[in-house]
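# Close look at the chain arrangement
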Amino acid sequence: MTTFDTAEINACCADAYSHPAARFLLGESLHPGGLDLTADLAHRMRLSEDDHVLDAGCGPGATAIYLAEELGCRVTGVTLEAGAVTELDHRAEERGLADRITVIRGDISDIDLPQAGFDAAVAECVVSIFARKAEALARIHDALKPGARLGLTDVTVSGPLPEALQGIFAVAGCVGNAVSLEQYASLVEDAGFVVTECAPLPDIARDFLKGIRKKMMFAEIGAKLGKIPVSVESVKMAKGVLKETEELVNSGTLGYGMIVAERR
Ligand SMILES: C[S@@+](CC[C@H](N)C(=O)[O-])C[C@H]1O[C@@H](n2cnc3c(N)ncnc32)[C@H](O)[C@@H]1O
């Protein structure tokens, strides 16, 4: 299995998540379960208007907007894509949330964050991507106040992956570097948290792939009619990878899971 270093992964993420195809396939909220799962996570973390939340790997910020708008939280998002920073700044301004949302472009593992400055952190579909998960979780730990809550949802892998899911795009796509739910839990514990909830979410993974399959059908039709700038061949290839992914989800090798923890 090829391993990729942080610089390669970060460059691929910055490109892949800025691509219109990623937004078309994933929607506004770039993780399985969408904002419904975010709302559930926020509820379990007991987030409120008193909390300043670090959103690690916030992307274009659907979660940041939700937490600020619906729950009144102050949110600091960190992400790799320049475009996502501009987009989130713009959306926050437009919705009158600019005083509650700050977004920083950078790698969560080495940007300057205040020590013990946050009441909570969310990491939705991002820890799976990190090459150095322990260092990144330690960084998030140090940015949190003692007793602060961490909410993580992510892709889980418990078995070998086929070659098609081991490349750099699979890593950026949260699969190639993902680990099992138990491994996330022990990484979180080792970083200085106490895990209070740890739940597999198999239906979320299945529903997510159903949604992608539907969109792929539209993409195939669009490509055949020449309505979208994507070749029929590449849609076919993507459908092949999707089929392999669906089989892995059905066999339980791939899944999605949630962890809630408290900083010691
Ligand atoms: C699957 S998307 C999830 C985005 C967002 N959390 C959501 O759920 O809508 C992963 C995001 O994490 C960002 N990311 C990946 N590695 C990162 C790192 N080391 N530091 C900061 N952001 C990172 C990517 O650029 C991308 O925006």
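Higher on the page you've got the structure.
A few points on the structure. (Residues numbered from 1 in each chain as written. Predicted model: local features only at pLDDT ≥ 70, side-chain atom pairs only at ≥ 80, totals over all residues. Heavy atoms only, no water.)

It is worth spelling out the side chain of R149 at this point. Examined against the element boundaries, R149 turns out to sit in strand β5 (residues 144-157). Here D51 takes part through its side chain, which lies 3.0 Å from a polar atom of the side chain of R149. (Helix = DSSP H or I, 4+ residues; strand = E, 2+ residues; numbered from the N terminus. Polar contact = N/O pair within 3.5 Å; in protein donor to acceptor, adjacent residues only side chain to side chain.)

Relative to the assigned elements, E262 resides in strand β7 (residues 254-263). Linking E262 and M45, residues 217 residues apart in sequence, is a C-alpha distance of 9.1 Å. If near-sequence neighbours (up to four positions away) are discounted, E262 is found in contact with R46, G147, A148, R149, G192, F193 and V194. (Contact = heavy atoms within 4.5 Å.)

Counting buried residues in β7 gives nine out of 10 residues, a clear majority hidden from the surface. Direction of pairing for β5 relative to β7: antiparallel, over a ladder of nine bridges. What sits directly across from V155, in β7, is Y256. Alignment of strand β6 (residues 193-200) against β7, held across seven bridges, turns out to be antiparallel. In the strand pairing of β7, P200 is matched with G257. (Buried < 20%, exposed > 50% of the residue type's maximum accessible area, 1.4 Å probe, protein only. Pairing = 2+ DSSP bridges.)

So, on to helix α6 (residues 133-143). Every buried residue belonging to α6 is among K133, A136, L137, R139, I140, H141 and A143, and all of these are buried. Elements in contact with the buried residues of α6: β1 (52-56), β4 (118-124), β5, α8 (181-190), β6 and β7.

Where helix α4 (residues 62-71) meets helix α5 (residues 82-94), the closest approach of the two axes is 10 Å, and the angle between their N-to-C directions is 25 degrees. With respect to each other, α4 and α5 are oriented roughly parallel. Crossing geometry of α4 relative to α5 is assigned as right-handed. Across from A62, A64 and I65 in α4, the residues of α5 making contact are L88, R91 and A92. Along the lines of polarity and charge, the residues of the contact of α4 with α5 split into five nonpolar, no polar and one charged. (Axes fitted to C-alpha atoms, helices over the stretch in contact; angles between N-to-C directions. Parallel < 35°, antiparallel > 145°, perpendicular 65-115°, else oblique. Left-handed = near helix turned anticlockwise from the far one by under 90°. Nonpolar A, V, L, I, M, F, W, Y, C, P; charged D, E, K, R; others polar.)

A few words on the sheet that holds β7. An order of β3-β2-β1-β4-β5-β7-β6 is seen for the seven strands of this open sheet, with the pairing classed as mixed. In this open sheet, the two edge strands, each paired with only one partner strand, are β3 (101-105) and β6. Each neighbouring strand pair of the sheet contributes to a mean axis angle of 15 degrees, computed without reference to strand direction. As paired elements, β1 and β4 share three bridges and run parallel to each other. By the bridge assignment, V53 is partnered in β4 with A120.

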